[in-house]
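Chain and residue survey
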Amino acid sequence: MKLTKEIAAFITEDLTMHYTIEQLSERFGISMTTLKKGFHGVYGTSVYSWLRNYRMQTAQKLLLETELSVAEIAHQVGYENPNKFSTAFKSVYEITPTQFRNRTSVWMDRWHLLGNGQKTSDYIRLWHWLAETNWCHNFILQEELRWKNLQAYFLQWFWQQL
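Basis of the calculations
Residues numbered from 1 in each chain as written. Predicted model: local features only at pLDDT ≥ 70, side-chain atom pairs only at ≥ 80, totals over all residues. Heavy atoms only, no water. Buried < 20%, exposed > 50% of the residue type's maximum accessible area, 1.4 Å probe, protein only. Helix = DSSP H or I, 4+ residues; strand = E, 2+ residues; numbered from the N terminus. Arc of directions from axis to C-beta. Contact = heavy atoms within 4.5 Å. Axes fitted to C-alpha atoms, helices over the stretch in contact; angles between N-to-C directions. Parallel < 35°, antiparallel > 145°, perpendicular 65-115°, else oblique. Left-handed = near helix turned anticlockwise from the far one by under 90°. Phe/Tyr/Trp six-rings, centres within 6.5 Å; stacked < 30°, edge-to-face > 60°. Lys NZ or Arg CZ within 6 Å of the ring centre and 35° of its normal. 1 Å grid on protein atoms, 1.4 Å probe; cavity = no way out; pocket = protein on both sides within 12 Å on 5 of 7 lines; lining within 4 Å. Points joined across faces, edges and corners; volume = space filled by probe spheres on them. Nonpolar A, V, L, I, M, F, W, Y, C, P; charged D, E, K, R; others polar. pLDDT = per-residue confidence, 0-100. Polar contact = N/O pair within 3.5 Å; in protein donor to acceptor, adjacent residues only side chain to side chain.

Here's the deal with helix α2 (residues 21-28)
By the burial criterion, the buried members of α2 are Ile-21, Leu-24 and Ser-25. Around the axis of α2, the buried residues are gathered within 100 degrees of arc, so they sit on the same side. Exposed and facing more than 90 degrees away from the buried side of α2 are Glu-26 and Arg-27. Buried residues belonging to α2 abut α1 (2-13), α3 (32-43) and α4 (47-65). After α2 finishes, the residue Gly-29 shows a positive phi value of roughly 70 degrees.

Here you go:
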């Protein structure tokens, strides 16, 4: 388990680097089978699936916290081709990175207009939590949800975090 977490830390140090299972097994002195089974045992998925999800979560964070272009974010999370990055992002979250940024921006603006003067860091922390629970894209896509319900949910969440 400890070695598996070391491998995960290693492959996430620099997301622009790409490693094969063979390279990782040689680097850490274990067989490819042991590496794959150990990773699946700890994280419940393959190395590549876990890394792809990690890259997408990092991209989500960068979309929320920075003004970097989608192409710059794609490069930072290990995609040389921004179109391949957008395709991968959409396959995970069912919306493109640009749509994600635009929709979350609109929601945050509306939340601010409701008179809830929360700090930007609170918005970011909220959206990270929503993303981690895989609730974010479903919530954003539900057009029929009323803003009062949104306000009530946000207030409830903020109180729970105190």
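Quick notes on the packing of α1 against α2
Look at α1 against α2: their axes get within 11 Å of each other, and the N-to-C directions meet at 120 degrees. Judged by the inter-axis angle, α1 sits oblique to α2. In terms of crossing hand, the pair formed by α1 and α2 is right-handed. Each of Leu-3, Glu-6, Ile-7, Phe-10 and Ile-11 in α1 lies in contact with α2, whose residues at this interface are Leu-24, Arg-27 and Phe-28.

Considerations on the packing of aromatic side chains
Considering all chains together, one arrives at ten aromatic pairs under this definition. Their ring planes at 40 degrees and their centres at 4.9 Å tell us that Phe-10 and Tyr-19 sit as a pair that is tilted. Owing to a relative accessible area of 24%, Tyr-19 belongs among the partly exposed residues under this scheme. Exposure remark for Phe-10: the relative accessible area of 13% places this residue in the buried category. Clustering of aromatic rings is evident, with ring pairs tying together Tyr-79, Phe-85, Phe-89, Tyr-93 and Phe-100. It is Arg-27 that lies over the ring of Phe-28; its NZ or CZ is 5.6 Å from the centre.

Concerning unusual backbone geometry
Residues other than glycine predominantly adopt negative phi, and peptide bonds predominantly adopt the trans conformation. One non-glycine residue, Glu-94, adopts positive backbone phi at about 65 degrees. On the basis of relative accessible area, Glu-94 is assigned to the exposed category, the value being 52%.

Re the layout of surface pockets
One number sums up the size of the second largest pocket: a volume of about 150 Å³. Around the second largest pocket, the lining residues are Met-17, His-18, Tyr-19, Thr-20, Tyr-48, Leu-51, Arg-52, Arg-55, Gly-78 and Tyr-79. Taken together, the residues of the lining of the second largest pocket sort by class into five nonpolar, three polar and two charged.

A look at the confidence of the model for the protein chain
When pLDDT is averaged along the protein chain, the result is 78, and 64% of the positions lie at 70 or above. The model gives residues 139-146 a pLDDT under 50, and that stretch makes twelve contacts with residues more than four places away or in other chains.

Looking at the environment of Thr-66
As for its placement among the helices and strands, Thr-66 is situated in the loop between α4 and α5 (70-76). Judged by relative accessible area, Thr-66 falls into the partly exposed class, the value being 22%. Apart from the residues within four sequence positions on either side, Thr-66 is in contact with Ile-73 and Arg-101. A distance of 3.3 Å separates the side chain of Thr-66 from the backbone nitrogen of Leu-68, its partner in a polar contact.

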